[in-house]
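# Overview (structure and organization)
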Amino acid sequence: MTDNTTRLDHVVLWVRDPVAAVDFYEKAVGLEPVRLPGFVAGEEPFPSVRVNEEALLDLMPLSMAERMKMLPGAAESAGHPVNHVCLALSLGDFDTLRARLEERAVPVSAISHGSFGARGEAKRSFYFRDPDGNVIEARHYD
């Protein structure tokens, strides 16, 4: 049986160095690399990191921007206009992520409370940037 429920499949982030971006998302954020060996071998156009069993962050080399022809003006999207991507975590994973980021001297925002999202009001959230300046929000609802 096919489930036709709409779901978020992936978000593409522009990055200068996809290998370094994978390293950051794996070691600092705790996400699993996908297709990295194939990218390094020149067999895949970009690597990804797995957010969960249904969603990926694709780490697209900024150098590919000029080849984005799927829509007029697609190449100009490199570096914007996404404001941020939000990762919803369990309470334990939220605290672990913040500790890993601080351990690596990644600047993090103050913790906010009660911000609205897909599951209602989050208990806590904070923001940080990846090495390419993409803004990531981390939150937990439990």
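Quick notes on the rules
Throughout this document, residue positions are counted from 1 along each chain, in the order its sequence is written. In view of the model being predicted, local features appear only for residues whose pLDDT reaches at least 70, and side-chain atom pairs are presented and counted only at 80 or more, with totals across whole chains, interfaces and linings using the full set of residues. Working from all heavy atoms in the structure, the side-chain values ignore hydrogens and water. Only runs of H or I of at least four residues qualify as helices and only runs of E of at least two qualify as strands under DSSP, and these elements are numbered from the N terminus. Each helix should span, by expectation, one fewer than its residue count multiplied by 1.5 Å. Residue contacts follow a heavy-atom distance rule, with two residues in contact if any of their heavy atoms lie within 4.5 Å. At least two bridges found by DSSP between two strands are what make those strands a pair. Convention adopted: a line fitted to C-alpha atoms gives each axis, helices being fitted over their contacting stretch, and angles between N-to-C directions are expressed from 0 to 180 degrees. Aromatic pairing here means that ring centres of Phe, Tyr or Trp (its six-membered ring) are within 6.5 Å. Orientation follows from the plane angle: under 30 degrees is stacked, over 60 is edge-to-face, and everything else is tilted. Think of it in three bands: residues with accessible area under 20% of the maximum for their type are buried, residues over 50% are exposed, and the middle band is partly exposed, with areas taken using a 1.4 Å probe on protein chains only. Counted as over-ring charges are cases with an Arg CZ or a Lys NZ within 6 Å of the ring centre that also lie within 35 degrees of the ring normal. Nonpolar cores are built from buried Ala, Val, Leu, Ile, Met, Phe, Trp, Tyr and Cys residues. Side-chain atoms within 4.5 Å join them into one set. Using only the protein atoms, space was sampled on a 1 Å grid; points where a 1.4 Å probe fits but cannot get out form cavities, open sets with protein on both sides within 12 Å along at least five of seven lines form pockets, and lining residues are those with an atom within 4 Å of a point. Grid points are joined across faces, edges and corners, and a volume is the space filled by probe spheres set on the points. Side-chain classes follow a simple rule in which Ala, Val, Leu, Ile, Met, Phe, Trp, Tyr, Cys and Pro form the nonpolar group, Asp, Glu, Lys and Arg form the charged group, and the remainder, Gly included, forms the polar group.

Our next topic: helix 3 (residues 91-103). A rise of 1.5 Å per residue sets the reference length of helix 3, with its 13 residues, at 18 Å; its end C-alpha atoms lie 18 Å apart and thus fit the reference within 8%. Where helix 3 is buried, its residues meet helix 1 (18-27), strand 5 (85-89), strand 8 (124-129) and strand 9 (135-140). At the C-terminal side of helix 3, Ala-105 shows a positive phi close to 60°.

It is worth spelling out the environment of Leu-57 at this point. With respect to the helices and strands, Leu-57 occurs in strand 4 (residues 55-61). Along the primary structure Leu-57 and Pro-33 are separated by 24 residues, whereas in three dimensions their C-alpha atoms are 9.7 Å apart. Excluding its chain neighbours within four sequence positions, the residues that come into contact with Leu-57 are Val-11, Leu-13, Tyr-25, Leu-31, Pro-47, Ser-48, Val-49, Val-51 and Val-85.

In space, the 3 strands of this open sheet follow the order 5-9-8, with mixed pairing throughout. Bordering the open sheet on either side are strand 5 and strand 8, each of which pairs with just one other strand. The sheet shows a mean angle of 25° between the axes of neighbouring strands, direction not considered. In this structure, strand 5 lies alongside strand 9, joined through 5 bridges in parallel fashion. Across the sheet, residue Val-85 finds its bridge partner in strand 9, namely Ile-136. Across the sheet, helix 3 touches strand 5, strand 8 and strand 9, and the angle it forms with strand 8 is around 35°.

Time to look at the packing of aromatic side chains. For the structure shown, the criterion picks out 4 aromatic pairs. On the basis of an interplanar angle of 50° and a centroid distance of 6.4 Å, the ring pair of Phe-24 and Phe-128 is categorised as tilted. Separated by 104 residues along the polypeptide, Phe-24 in helix 1 and Phe-128 in strand 8 bring together distant segments of the chain. Phe-128 matches Phe-24 in its accessibility class, with the two residues each being buried. Ring pairs connect the aromatic residues Phe-24, Tyr-25, Phe-94, Phe-126 and Phe-128, which therefore count as one cluster. Here Arg-35 stacks its cationic end above the ring of Phe-46, 4.7 Å away from the centre of that ring.

Before going further, it helps to spend a moment on the nonpolar core. Looking at soluble globular proteins, one finds that nonpolar side chains tend to be buried together. Ranked by size, the top nonpolar core spans 24 residues in total, and within it Tyr-25, Val-29 and Phe-128 carry the most contacts. Going through the elements one at a time, strand 1 (10-15), helix 1, strand 4, strand 5, helix 3, strand 8 and strand 9 are the ones with two or more residues in this core. Broken down by element, this core gets its largest block of residues, 4 residues, from helix 1. Once residues lying within four places of it in the same chain are set aside, the contact partners of Phe-128 are Phe-24, Val-29, Leu-97, Leu-101, Val-106, Pro-107, Val-108, Asn-134, Val-135, Ile-136 and Ala-138. Ranked by size, the runner-up nonpolar core spans 5 residues in total, among them Trp-14, Phe-46, Met-64 and Ala-65.

In this section: the layout of surface pockets. Considered as a void within the structure, the largest pocket measures approximately 690 Å³ in volume. Surrounding the largest pocket, 28 residues form its lining, Val-51, Asn-52, Cys-86, Leu-87 and Ala-88 being those nearest its centre. Elements represented by at least two residues in the lining of the largest pocket include exactly strand 1, strand 3 (48-52), strand 4, strand 5 and helix 3. For the lining of the largest pocket, the element with the highest residue contribution is strand 5, accounting for 5 residues. Of the residues that constitute the lining of the largest pocket, the class distribution is 16 nonpolar, 6 polar and 6 charged.

Everything listed is a geometric property; what it means functionally is a separate question.
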